[in-house]
Amino acid sequence: MSSKVDLVAMLLAGGQGSRLKYLTSNTAKPAVPFGGKYKIIDFALSNARNSLVENIGVLTQYKHFYLNEHIGIGQPWDYDRLSGGLKLLPPYFTEDGGRWYKGTANAIYENIDYLDNLNPEYVLILSADHIYKMNYRKMLSFHKEKGADLTIAVMEVDWEETSRFGIMNTDQDQKIVEFEEKPKNAKSNLASMGIYIFNWTLLRKALIEDYEDKESSYDFGNDIIPRLLKSGTNLYAYKFEGYWKDVGTVRSYWESNLELIEDKNGLNVYDHAWKVYTKSKNLPPHYIGKNAQLNKTLVNEACRIYGKVDNSVLFDQVTIEEGAEVYNSVILPGVVVKKGAKIFNCVVTENMTINENEFFGDIDDDSVYLISQAGILKE
């Protein structure tokens, strides 16, 4: 066993993201493009890098080829190191055969050897499919200050949304006294963000006990946390007040992309003090034609804009032909919008062509359209 390290992050990146429909047909949710040039996973990885987390394990599972290709050896996030750094941790074969991760807790249990080798003081559990900026070191300081065994990051949500989350009821010292999983009538609006800091000795014991419980669903929210709370373990809630979004549906994905345009939510991707890092494609600059009209639009490399674009996010290598009009839309890499076409409130998947004079949506229609090779969905 190696000498003890301070903090190890375990990034759960194996989710399918089925509610994103065609966006995750060929790749895991964390590898879905976001914000013009990023992938969803870039935000958690960049948070870890900016928080000076030196060791991070990325747990993959569902259709992980493009995710693995994007992450590589972790160079964009300064994790390509001889000592520590980033490790990809997919499911693997044992003497009993191959097996998929059964739940969030089981995914960590199946990589207990990785954690034992690092022998950390604390383990930070993260999800790879949320959009946010967070200093994990501040959360760790809170954890130490409280003498906590487990600290759960929480944020206030609208009361009508509480039935969608695990809700933490706390005392005046922010100690968790009750946990309610998706309650119909919540006593608090402090929702779990799925971000946890455990003392490793406690977590290791809890994972083994959970694995041996054949009635368990092997999940942190459903099993580990309620069991620890019942046993009298010191659980604390760390309140986060910045921007955080689970882009779990087509509409929330569309909304969160467009919210970047005017930085209405505090998620500033231009902040040099807390950069969002990603793998660079090393493409040529974009080009704006003499008759093009652009208003409130994020434009990435190698785009060629000749038409009208308003309040939209354009990923790389997008072409908007003269006479085409794009409004309130998220256009993924390689899309071509032909002359005369008009699209409103759309998410257009990679390498699609919107044909001449095609119309999708309407300026007075608040529906969101997902356009892909597999078809068109309205949400």
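Above this text sits the structure in question.
Residues numbered from 1 in each chain as written. Predicted model: local features only at pLDDT ≥ 70, side-chain atom pairs only at ≥ 80, totals over all residues. Heavy atoms only, no water.

**Student:** In this structure, what is going on with the side chain of N106? I would like to understand it.
**Tutor:** Checked against the element boundaries, N106 lands in helix α3 (residues 104-109). With residues up to four places along the chain from it excluded, the contact list for N106 reads W100, Y101, Y211 and Y218. (Helix = DSSP H or I, 4+ residues; strand = E, 2+ residues; numbered from the N terminus. Contact = heavy atoms within 4.5 Å.)

**Student:** Sorry, what's going on with the packing of helix α6 (residues 200-212) against helix α7 (residues 220-230) here?
**Tutor:** What describes two packed helices is the angle between their axes and the distance between those same axes. Viewed as axis vectors pointing N to C, α6 and α7 meet at an angle of 120°, and their least axial separation amounts to 11 Å. Taken together, α6 and α7 sit at an angle that is classed as oblique. When the axes of α6 and α7 are compared, the crossing they make is right-handed. Between α6 and α7, the contacting residues are L202, L203, A206, L207 and D210 on the first element and F220, D223, I224, R227 and L228 on the second. Of the residues assigned to the contact of α6 with α7, the class counts are seven nonpolar, no polar and three charged. (Axes fitted to C-alpha atoms, helices over the stretch in contact; angles between N-to-C directions. Parallel < 35°, antiparallel > 145°, perpendicular 65-115°, else oblique. Left-handed = near helix turned anticlockwise from the far one by under 90°. Nonpolar A, V, L, I, M, F, W, Y, C, P; charged D, E, K, R; others polar.)

**Student:** Help me understand the environment of K338 in this model?
**Tutor:** By the element assignment, K338 lies in the loop between β25 (336-337) and β26 (342-344). Counting along the chain gives 31 residues from K338 to G307, while the straight-line C-alpha distance between them is 9.3 Å. With near-sequence residues (within four places) excluded, K338 lies in contact with E321, A324, T353, I354, N355 and E356.

**Student:** Which parts of the structure should I look at to understand the sheet that holds strand β23 (residues 325-327)?
**Tutor:** Strands belonging to one sheet form pairs held by backbone hydrogen bonds; the direction of such a pair is parallel or antiparallel. The strand order β17-β20-β23-β26-β29 describes an open sheet built from five strands, whose pairing is parallel. Looking along the sheet, the strands with just one partner apiece sit at the ends: β17 (293-295) and β29 (359-360). Two strands pair when backbone bridges link them, and strand β20 (residues 308-310) and β23 are joined in this way by three bridges, in the parallel orientation. By the bridge assignment for β23, D310 is matched with Y327. (Pairing = 2+ DSSP bridges.)

**Student:** Please explain the sheet that holds strand β27 (residues 346-348) as it appears in this structure.
**Tutor:** Taken together, six strands build an open sheet; the order of strands is β18-β21-β24-β27-β30-β31 and the sheet is mixed. The open sheet has two edge strands with one neighbour each: β18 (298-299) and β31 (375-378). Note that β18 and strand β21 (residues 313-314) share two bridges and pair parallel. Residue V299 lies in a different strand from β21, and its bridge partner there is L314.

**Student:** Hey, could you run me through the pattern of salt bridges in this one?
**Tutor:** Oppositely charged side chains can pair when the atoms bearing their charge come close. For the structure on display, the rule yields 17 salt bridges. For K205, the salt bridge is made with E209, and the minimal N-O distance between the two is 2.7 Å. Of the two residues, K205 and E209 both sit in helix α6, four residues apart, roughly one turn of that helix. When its relative accessible area of 52% is taken as the criterion, K205 is described as exposed. One salt bridge in this structure joins E325 and K342, with 3.9 Å as the shortest N-O distance. One end of the pair, E325, is in strand β23; the other, K342, is in strand β26, with 17 residues separating them in the sequence. Judged by its relative accessible area of 26%, K342 is partly exposed. Taken together, the salt bridges that share partners define one network made up of K29, D129 and D246. (Salt bridge = Lys/Arg side-chain N within 4 Å of Asp/Glu carboxyl O. Buried < 20%, exposed > 50% of the residue type's maximum accessible area, 1.4 Å probe, protein only.)

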